[in-house]
2 protein chains.
Amino acid sequence: MATGRVLKRIILGRAISSDKLHETLLPKRIALPIFASDALSSVAYAPDEIFLTLGLAGGSLALTHSWMIALGVVAVMLVVVASYRQNVHAYPSGGGDYEVATTNLGPRAGLMVASALLVDYVLTVAVSISSGIQNAATAMPFIRGHEATYAVILVALLTAMNLRGVRESGNAFALPTYAFMVGVLGMGVVGIIRHLTGTLPMAPSASFELVPEEGYEAIGGLALAFLLLRAFSSGCAALTGVEAISNGVPAFRKPKSRNAATTLLMMGLVAITMLMSMIMLARWTGVKYADRPGEQLLANGQPVGDSYAQDPIMGQVSKAVFSEFHPGVVFISIVTGIILILAANTAFNGFPVLGSILARDGYLPRQLHARGDRLAFSNGIIILAAVAAILIAAFNADVTRLIQLYIVGVFVSFTVSQIGMVRHWNRHLLRERDAAARSTMRRSRIINAIGAAMSGTVLIVVLATKFIHGAGYAIAAMAVLFAIMTAIHKHYTMVARELEVTDAAAQMLPARVHALVLVSKLHKPTLRALAYARATRPNTLEAITVDADPEATHALQEEWERRGIPVTLKALESPYREVTSPIVKYVKSIRRASPRELVVVYVPEYVVGHWYEQILHNQTALRLRTRLHFTPGVMVASVPWQLRSSEGQEERLASDGSSAPGSVRMGR
Amino acid sequence: MATGRVLKRIILGRAISSDKLHETLLPKRIALPIFASDALSSVAYAPDEIFLTLGLAGGSLALTHSWMIALGVVAVMLVVVASYRQNVHAYPSGGGDYEVATTNLGPRAGLMVASALLVDYVLTVAVSISSGIQNAATAMPFIRGHEATYAVILVALLTAMNLRGVRESGNAFALPTYAFMVGVLGMGVVGIIRHLTGTLPMAPSASFELVPEEGYEAIGGLALAFLLLRAFSSGCAALTGVEAISNGVPAFRKPKSRNAATTLLMMGLVAITMLMSMIMLARWTGVKYADRPGEQLLANGQPVGDSYAQDPIMGQVSKAVFSEFHPGVVFISIVTGIILILAANTAFNGFPVLGSILARDGYLPRQLHARGDRLAFSNGIIILAAVAAILIAAFNADVTRLIQLYIVGVFVSFTVSQIGMVRHWNRHLLRERDAAARSTMRRSRIINAIGAAMSGTVLIVVLATKFIHGAGYAIAAMAVLFAIMTAIHKHYTMVARELEVTDAAAQMLPARVHALVLVSKLHKPTLRALAYARATRPNTLEAITVDADPEATHALQEEWERRGIPVTLKALESPYREVTSPIVKYVKSIRRASPRELVVVYVPEYVVGHWYEQILHNQTALRLRTRLHFTPGVMVASVPWQLRSSEGQEERLASDGSSAPGSVRMGR
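From a predicted model like this one, the values you see are computed outputs, not experimental measurements.

Draft legend 1. Representation of the nonpolar core in the model. Residues and elements named next belong to chain B. Ile-129, Leu-239, Val-242, Leu-358 and Phe-411 are the most contacted members of the largest nonpolar core, which has 148 residues in total. When residues in this core are grouped by element, the largest group, 18 residues, is from helix H6 (residues 107–139). In contact with Ile-129, not counting residues within four places along its chain, are Thr-124, Ala-151, Leu-154, Val-155, Leu-158, Ala-344 and Ile-392.

Right, here's the structure in full:
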């Protein structure tokens, strides 16, 4: 096996055999971890963002107001979960927000949601990985100072994994997610008990004094309100990924919608519990969390300086709760790291799925639609990973700054899809006559209306408080995507119109077939091409060669005679030893002479095993085909000759969709 | 016209019309400037290198010994010119050293010469441009300190020019070359007169004291001899390009060989005169030239420091000779700059010519052989330019350091080809009976033998004195090229053997033809594909579609019925919405069922005008063809459908060789 292939095997894994065509659908206990990792993982950074924003106005504010913020986030979470339970029942097909928006508010709204989601997938990777690295650093200090590097490496690994076609097989994902739940909730329980028993120690940072940033000293009135709102919108990062289940209904066991809705509720409750317990513990342990710890934190009057490594709140709390039980800290740190990686991985699965839906609707290149097309998916995955890596590098894996871009997209799609749902119910209420059904619909409509209002408000708050802090970039990115996809769609529709069958003209049969066999040397491929051409019994059959080198041509003609080949060999002159032009000219002349004649050019092609061999062959054939294609009434038939080096290479190209990323969440 | 094309026009120029197919052959007065620019231009840096090397041992040595070195170089020049006059007569085909070596010493020797020449072409560009910039700086001081930048820009311009297909049209090149001769020789005459009349002023640098480098103080004996040899081999840079004419004999008017030989002699004499006069003037004007002027040059006891800008000798001498006549200095500086650019340009013409010869012999990818293939040439030119630019950047456009790599290649090819010539005469003397002819042959043989001995000696000297200074890199580069070209040749021969017609098997006609038309939608391209397929009257004809989306497939089948298309439509199932695999499987099954049947797959393809449209179409067709090619007995016929955007695009791809770089020196 060629080294190239070995390497490829190592990186991309062996071609997956297509035996396990029939995917088993997911029971709730497996579906939960698969779809929840994204939403739950945000508890690893949401509290930090709340504390950090409040921290701008000094230490006290976080301790006094953080619970208000948390309650606000919880309220939104409840509403969003409730609304999405309606989506899940109304749209079990798994189209998610994109489908809801498109069907109810028209394609442009759908495209808006799509752009938002695409941007979000990228940010999910960037934020989750960055936060994962940050948390891992709690247990592995050597990471400190090299976060960006490790983060990018991690992205690379994830990419390789997904290119390999490693699927979100239930169990592999269930274990760490449950471990995370157990860890965090367990920590919560222990913490609360210790708090009640008055044995809960303070966090390492509790002793510091947190000085307010300039201009935030003695803050009050509007400024304070604004700061609280900003903290709130940062906290809303906890909601990212809640919509995931609404895209995955088909993957659930029957009754699909019911099970999905239940899972969604479970997920919501777990997330809320985690968030609240984290916030409370952080307050009780007196965590001080600053944007620029070096300057903002004072240890007995003096700034702690940049040597001080600020653990994420998850780490600080765990260090407090498990004070004399260090393995607990390591455990929390590790499971947090893992769940964040899983969260990032969900993007790798969601991105191609959305991509294929958009491709189906003609907003992205068609080939992305073929779910089994490993190549198309690889491109998608690589693009996702590349952009995420660039973001990580650009923002130096700084979660706080990445968060600013993150939440916008989520709430754009929340809002639009909830508005869509309201429309949906309106439409149905017009037709529905059955009273019971109508009342449930009305109920759902109210819920979705509240959802729309709520997420709309949050969106406005987010934009108002974060636009200058980075949300602007996110909006810009969405706009660009929106524009590109519209352009692609326009192109496809234009082409489709151009290709519509208007008259019978296209169906008209050519009167005669004029076959040309391209001859460079007299070897097996040529003979095969001749044989194939003759087998199709054309009305006229000529062999043509380009006379780039008189001697060679003469030798060829002689051998042609000697072998008594039953086809006339015509030599086209080429003063500049140019191959394609003379042929093209000749073909055109035939077309001019008899326009109703179909010209078929048979081109022998070498099939080789390696790309570098490709460079050494078929270049002429390639260019010839390209140029001949511009002349109507000409067909190029390539007659392959398999060189030995090509043996066994075809398998490498084979692939079915069974292992395509996202196949699990699509219920295949 | 699309902006893309406009841009392309601007950069690559308009497609050249092929009216002037018949190139006029070159009279001597035009041939001289075209072929001599490379050889003559070296007078711009050879003296500098001699002085600089001698300068290592302090100022006096240059003034005392430089003339000896110059004489040595002149001697070599005379011998080389004399020997190449023999080549020109014996090998008028223009194959040059490569041909001589191959025919007389076998392919490996030829390949050795080829590698040497390829490396040399790159260095010709790097050295000439760097030196040109250095000289230009005499008149345009703002260049100082940014030499590398300006040099790279210049290379880029040359590249664009040659991609445009600007040919070495005689006159355009004749004028500056003659201007250069007039300038330098004129300066010589004026200088000598002023010297004899005692009115020749000293050079600006004459007043400086040139202190020897460490370890070179009070040098003598072997060390001195070695230093002189090193200076000599640097001076031999003057010989680069002498062989050019031997590659260009076909371009001369009849009697080709005689005219070429005469031109060669003229060139040699001019070069020698220039070199000698430069050296003498430099000595008379007491030029001080140092490798590290800042430290080595003392103005009344103190180092002049890096602020001192050291003019090349050409510049210093001209400033002395034309003391009261500054325009003369500018003139010299400009024509020197121009001729050096022309010298670089010769590489752009020689490189592709050699490339096409090597391609013909199967040492480089075949398509390089088609001289008219603009694309192939573009690649060659771009590679040449890129490597040269990298060298310039790496060596910071420092001529002195680049020279170290330069001369090796030249003398490798000189030596090998001269040895080849000796062999040549030996062979002929065995057959030749006529006494007169024999004596001339013996005479030629002696000349070539001397040439071989002389250039062999120089080669050894160069290697001995310069290996550690950089010649080693050159040798390494040659070795790599040699290896690559051997590998390519091996591959081609292996393939050729594999393809030899051994039995009649390849000629056997398939029993039946089974045609498959690939259908995705029912639009014009599909109908055309069906029409073409039917026109070829296959024994079996099926239309096949991949059932990736049940609804779509059903709709297709219905429309198929409605239009009453006289071909059965078969739907292949594809659980994972994968397109290629099901088709490949089906085709293979047909092959298995009836191995003597030829399967022809008709694939509709869209012909679009822009690369970005290409991304949106034909991806499936492309991959399908790739995979089907691995199955013997299967032929893929692509049925093009020209979209409107493709109109007028074909012309862009057309090109004939009339404007291919090097076409003039090949006598076309």
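Read on for the rest.
Draft legend 2. Structural view of unusual backbone geometry. Residue and element names in this part refer to chain A. Residue Lys-254 is joined to Pro-255 through a cis peptide bond whose omega torsion reads -10 degrees. Examined against the element boundaries, Pro-255 turns out to sit in the loop between helix H9 (221–235) and helix H10 (256–284). A positive phi angle, near 25 degrees, is found at Asn-300, a position not held by glycine. The backbone of Arg-537 shows a phi angle near 45 degrees, a positive value even though the residue is not glycine.

Draft legend 3. The relation of the copies chain A and chain B, seen in detail. For the pair chain A and chain B, the superposition axis carries a translation of 0.1 Å, the fit reaches an RMSD of 0.2 Å, and the rotation angle comes to 180 degrees. As the rotation angle and translation indicate, the two copies are arranged about a two-fold axis. Scanning chain A for the C-alpha nearest the rotation axis identifies Ala-637 of chain A, at a separation of 2.0 Å.

Draft legend 4. Highlighting the packing of helix H5 (residues 96–105) of chain A against helix H15 (residues 399–431) of chain A. All names here are of chain A. Where H5 contacts H15, the axes come no closer than 8 Å and their chain directions differ by 50 degrees. As the angle between them shows, H5 and H15 are arranged oblique. When the axes of H5 and H15 are compared, the crossing they make is left-handed. Along its contact with H5, which presents Asp-97, Val-100, Ala-101, Thr-103, Asn-104 and Leu-105, the element H15 presents Ser-413, Val-416, Ser-417, Ile-419, Gly-420, Met-421, Arg-423, His-424 and Arg-427.

Draft legend 5. Expanded view of the environment of Ala-31 of chain B. All names here are of chain B. Here Ala-31 is to be found in helix H2 (residues 28–41). Relative accessible area serves as the criterion here: at 0%, Ala-31 is assigned to the buried category. Apart from the residues within four sequence positions on either side, Ala-31 is in contact with Leu-26, Ala-36, Phe-252 and Thr-263.

Draft legend 6. Region of the structure containing helix H3 (residues 46–55) of chain A. The element H3 of chain A is extensively covered by neighbouring structure, given that 10 of its 10 residues are classed as buried. Turning to H3 of chain A, its buried residues number three or more, namely Ala-46, Pro-47, Asp-48, Glu-49, Ile-50, Phe-51, Leu-52, Thr-53, Leu-54 and Gly-55 of chain A.

Draft legend 7. Structural context of the side chain of Ser-205 of chain B. Residues and elements named next belong to chain B. Tracing the backbone shows Ser-205 in the loop between helix H8 (170–196) and strand E1 (209–210). Looking at Ser-205, the relative accessible area reads 0%, which means it is buried. Among the polar contacts made by the side chain of Ser-205, one reaches the side chain of Gln-316 at a distance of 2.5 Å. Once residues lying within four places of it in the same chain are set aside, the contact partners of Ser-205 are Gly-286, Val-287, Lys-288, Tyr-308 and Gln-316.

Draft legend 8. Geometry of the interface of chain A and chain B. Contact residues are listed per partner, giving 94 residues for chain A and 93 residues for chain B. The interface formed by chain A and chain B includes two salt bridges. The salt bridge involving Glu-498 of chain B is made with Arg-644 of chain A; its shortest N-O contact spans 3.3 Å. Summed over the shared surface of chain A and chain B, the result is 17 residue pairs in polar contact (both at pLDDT 80 or more). Residue classes in the side of chain A that touches chain B are distributed as 45 nonpolar, 24 polar and 25 charged. In this sheet, strand E8 (residues 634–642) of chain B lies alongside strand E8 (residues 634–642) of chain A in antiparallel orientation, the contact comprising three bridges. Residue Val-636 of chain A lies in a different strand from E8 of chain B, and its bridge partner there is Ser-638 of chain B.

Draft legend 9. Local environment of the packing of aromatic side chains. Following the criterion strictly, the structure yields 12 aromatic pairs over all chains and no others. Each ring, one from Phe-142 of chain B and one from Tyr-150 of chain B, has its centre 6.1 Å from the other, and the planes form 65 degrees; the classification is edge-to-face. Looking at Phe-142 of chain B, the relative accessible area reads 51%, which means it is exposed. The exposure class assigned to Tyr-150 of chain B is partly exposed, which follows from its relative accessible area of 31%. Through pairs of rings, three or more aromatic residues link up here, namely Tyr-84, Phe-411 and Phe-414 of chain A. Positioned over the ring face of Tyr-492 of chain A is Arg-366 of chain A, at 4.0 Å from the centre of the ring.

Draft legend 10. A look at the confidence of the model for chain A. Residue and element names in this part refer to chain A. Per-residue confidence for chain A averages 85 on the pLDDT scale, and 91% of its residues sit at or above 70. Per-element confidence in chain A is highest for H10, whose mean pLDDT is 93, and lowest for helix H1 (residues 3–12), whose mean pLDDT is 50. Low pLDDT, under 50, characterises residues 11–23; the stretch is placed with 23 contacts to residues that sit more than four places away or in other chains. Prediction confidence for the complex, expressed as pTM and ipTM, is 0.74 and 0.75 respectively.

Draft legend 11. Representation of the pairing of strand E4 (residues 512–518) of chain A in the model. Residues and elements named next belong to chain A. The element E4 is extensively covered by neighbouring structure, given that six of its seven residues are classed as buried. Sheet topology note: the E4/strand E7 (residues 597–607) ladder contains six bridges and is parallel. Along E7, the bridge assignment pairs Val-513 with Leu-598. The parallel pair E4 and strand E5 (residues 540–547), bridged by helix H18 (residues 524–535), forms a crossover whose chirality is right-handed.

About the cut-offs
- Residue numbering note: each chain is counted from 1, following its sequence as written.
- Ligands are numbered from 1 and chains lettered from A, in the order in which they are written.
- Predicted model: local features are reported for residues with pLDDT of at least 70 only, side-chain atom pairs are reported and counted for 80 or more only, and whole-chain, interface and lining totals are derived from all residues.
- Hydrogens and water molecules were not included; the side-chain quantities draw on all heavy atoms of the structure.
- What we call a nonpolar core is a set of buried Ala, Val, Leu, Ile, Met, Phe, Trp, Tyr and Cys residues that are connected through their side-chain atoms within 4.5 Å.
- Per-residue accessibility, obtained with a 1.4 Å probe over protein chains only, is compared with the maximum for each type, and a residue is labelled buried under 20%, exposed over 50%, and partly exposed between these values.
- In DSSP terms, a helix is any run of H or I states spanning at least four residues, a strand is any run of E spanning at least two, and both are numbered starting from the N terminus.
- Between two residues, a contact is recorded if the distance between any of their heavy atoms is within 4.5 Å.
- Least squares is the method for superposing the copies, and the C-alpha atoms it fits come from residues with pLDDT of at least 70 in both.
- Geometry is summarised by axes, namely lines fitted to C-alpha atoms with helices restricted to the contacting stretch, and by angles between N-to-C directions that run from 0 to 180 degrees.
- Note on angle classes: values under 35 degrees are labelled roughly parallel, values over 145 roughly antiparallel, values of 65 to 115 roughly perpendicular, and the remainder oblique.
- Note: crossing handedness is left-handed where the near helix turns anticlockwise from the far helix by less than a right angle, and right-handed where it turns clockwise.
- Under the rule applied, a polar contact is a pair of N or O atoms within 3.5 Å (in protein, one hydrogen donor and one hydrogen acceptor; residues adjacent in sequence only if both atoms are side-chain atoms).
- What counts as a salt bridge is simple: a side-chain nitrogen of Lys or Arg found within 4 Å of a carboxyl oxygen of Asp or Glu.
- Note that Gly is not counted as nonpolar here; it falls among the polar residues with everything else outside the nonpolar set of Ala, Val, Leu, Ile, Met, Phe, Trp, Tyr, Cys and Pro and the charged set of Asp, Glu, Lys and Arg.
- When DSSP locates at least two bridges between a pair of strands, those strands are taken to pair.
- Put simply, two rings from Phe, Tyr or Trp (the six-membered ring, in Trp's case) pair if the centres are within 6.5 Å, and we call them stacked under 30 degrees between planes, edge-to-face over 60, tilted for the rest.
- A ring has a charge above it when a Lys NZ or an Arg CZ is no more than 6 Å from the ring centre and no more than 35 degrees off the ring normal.
- A residue's pLDDT is the predictor's confidence in that residue, given on a scale from 0 to 100.
- Assignment of crossover handedness uses the view with strands pointing away from the viewer, where a clockwise path from the first strand over the helix to the second indicates a right-handed crossover.

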